[in-house]
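The residues making up each chain are set out below.
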Amino acid sequence: MKHIRKMILAVLMSVAVIILIYNFTSDSERKFVKVNEASDTPLTTLTVINNEDFAGTTNTHWFDIPTGFSYVKVSFKNTGSKHFTFTINEGSTSGTEILYGRVPADGKEHTYYSDKALSTGSYYVSTSSAQGMSGILDVSLGTDVN
């Protein structure tokens, strides 16, 4: 009988300590995430091409998506006088097209995102313009679509 009382007392003491710890922990320190609900875990990014200059009528830049990254963000600043187009292809310059766009010649940064998870491997960013172009390219990878 004494052992049962000691066990009950030990359990009650443990519960009391847990309640005290919980009550003295601020809301910002408590992180509860429900299944299928976004968390405030920071997005991990990796810059693979940074401020790369390009000019002429066609250019190709290669990058690799390593394990753990699935999404690509590409930013262009068109410093030329005419628009240009770009494509991102998987595996080779003629591989599966992942992303396509037209970048206006306004000197502003224009950003494009992949909306689906990509596999690891090689990817190619190709730019082209019949009139010639100049600009700056940035490519970043992320662990999340956001």
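Per chain, residues are indexed from 1 in the order of the written sequence. Residues qualify for local features only when their pLDDT is at least 70, as the model is predicted, and side-chain atom pairs are given and counted only at 80 or more; totals for whole chains, interfaces and linings, by contrast, use all residues. Side-chain descriptors were evaluated using all non-hydrogen atoms of the structure, hydrogens and water having been removed beforehand.

Bringing the overall build of the chain into the picture now. Here a strand is any run of E in DSSP of at least two residues, a helix any run of H or I of at least four, and the numbering for each starts at the N terminus. A tally of helices and strands in the chain yields 1 helix and 6 strands. Secondary structure elements of the chain occur, N-terminal to C-terminal, as α-β-β-β-β-β-β. Calculation of accessible area relied on Shrake-Rupley with a 1.4 Å probe; when residues are assessed, cover is drawn exclusively from the protein chains displayed. Split by element, the accessible area of the chain, about 9,800 Å² in all, is 55% carbon and sulfur.

Attention now moves to the packing of aromatic side chains. Pairs were defined over the aromatic rings of Phe, Tyr and Trp, the Trp ring being its six-membered one, requiring ring centres within 6.5 Å. Orientation was assigned from the angle between planes: stacked under 30 degrees, edge-to-face over 60, tilted for the rest. This model, assessed by the stated rule, comprises 7 aromatic pairs. Ring geometry for F54 and F76: centres 6.3 Å apart, planes at 90 degrees, overall edge-to-face. Of this pair, F54 sits in strand β1 (residues 45–65) while F76 is found in strand β2 (residues 71–78), placing the two residues 22 residues apart along the sequence. Both residues of the pair, F54 and F76, count as buried. Each residue is placed in one exposure class: buried if its accessible area under a 1.4 Å probe, protein chains only, is under 20% of its type's maximum, exposed if it is over 50%, and partly exposed if it falls in between.

Turning our eyes to something else, we now look at the confidence of the model for the chain. Summary of the metric used: pLDDT quantifies the predictor's per-residue confidence within the range 0 to 100. Confidence in the prediction for the chain averages 80 pLDDT; 70% of positions are at 70 or higher. Helix α1 (residues 2–23) is the least confidently modelled element of the chain, averaging 52 in pLDDT, while strand β3 (residues 84–90) averages 96, the highest of any element. Counting contacts from residues 15–41, a segment whose pLDDT is below 50, to residues more than four positions away or on other chains yields 5 contacts. Contacts were defined at the residue level, with two residues in contact if any of their heavy atoms lie within 4.5 Å.

This paragraph deals with the pairing of strand β6 (residues 121–142). Of the strand pairs in this sheet, β1 and β6 are connected by 17 bridges, and their pairing is antiparallel. Of the residues in β6, the one forming a bridge with D53 is I136. If DSSP finds at least two bridges between two strands, the strands pair. Judged from the 8 bridges that link them, β2 and β6 form a sheet pairing that is antiparallel. Its bridge partner lying in β6, Y71 is registered against G142.

Attention now goes to the nonpolar core. Counting residues in each nonpolar core, the largest one holds 22 residues, and the members touching the most others are F63, V74, F76, F86, I88, L137 and V139. Considering every element that reaches this core, the biggest residue donor is β6, with 6 residues. Residues contacting L137, with those up to four places away along its chain left out, are I49, N50, N51, E52, F54, H61, V74, S75, F76 and V125. Definition of nonpolar core: a set of buried residues of the types Ala, Val, Leu, Ile, Met, Phe, Trp, Tyr and Cys, connected through side-chain atoms within 4.5 Å.

With that out of the way, let us pick up unusual backbone geometry. Glycine aside, residues mostly have negative phi, and peptide bonds are mostly found in the trans state. Backbone geometry at N51 places phi at a positive 50 degrees, although glycine is not the residue there. Positionally, N51 belongs in strand β1.

Attention shifts here to the side chain of S75. Examined against the element boundaries, S75 turns out to sit in strand β2. Leaving out residues up to four positions away in the same chain, S75 has contacts with E109, H110, T111, I136, L137 and D138.

This brings us to the environment of I88. If you trace the backbone, I88 turns up in strand β3. Separated by 14 residues in the primary sequence, I88 and V74 place their C-alpha atoms 9.2 Å from one another.

What follows deals with the environment of G142. Residue position: G142 is located in strand β6. Separated by 77 residues in sequence, G142 and I65 place their C-alpha atoms 9.6 Å apart.

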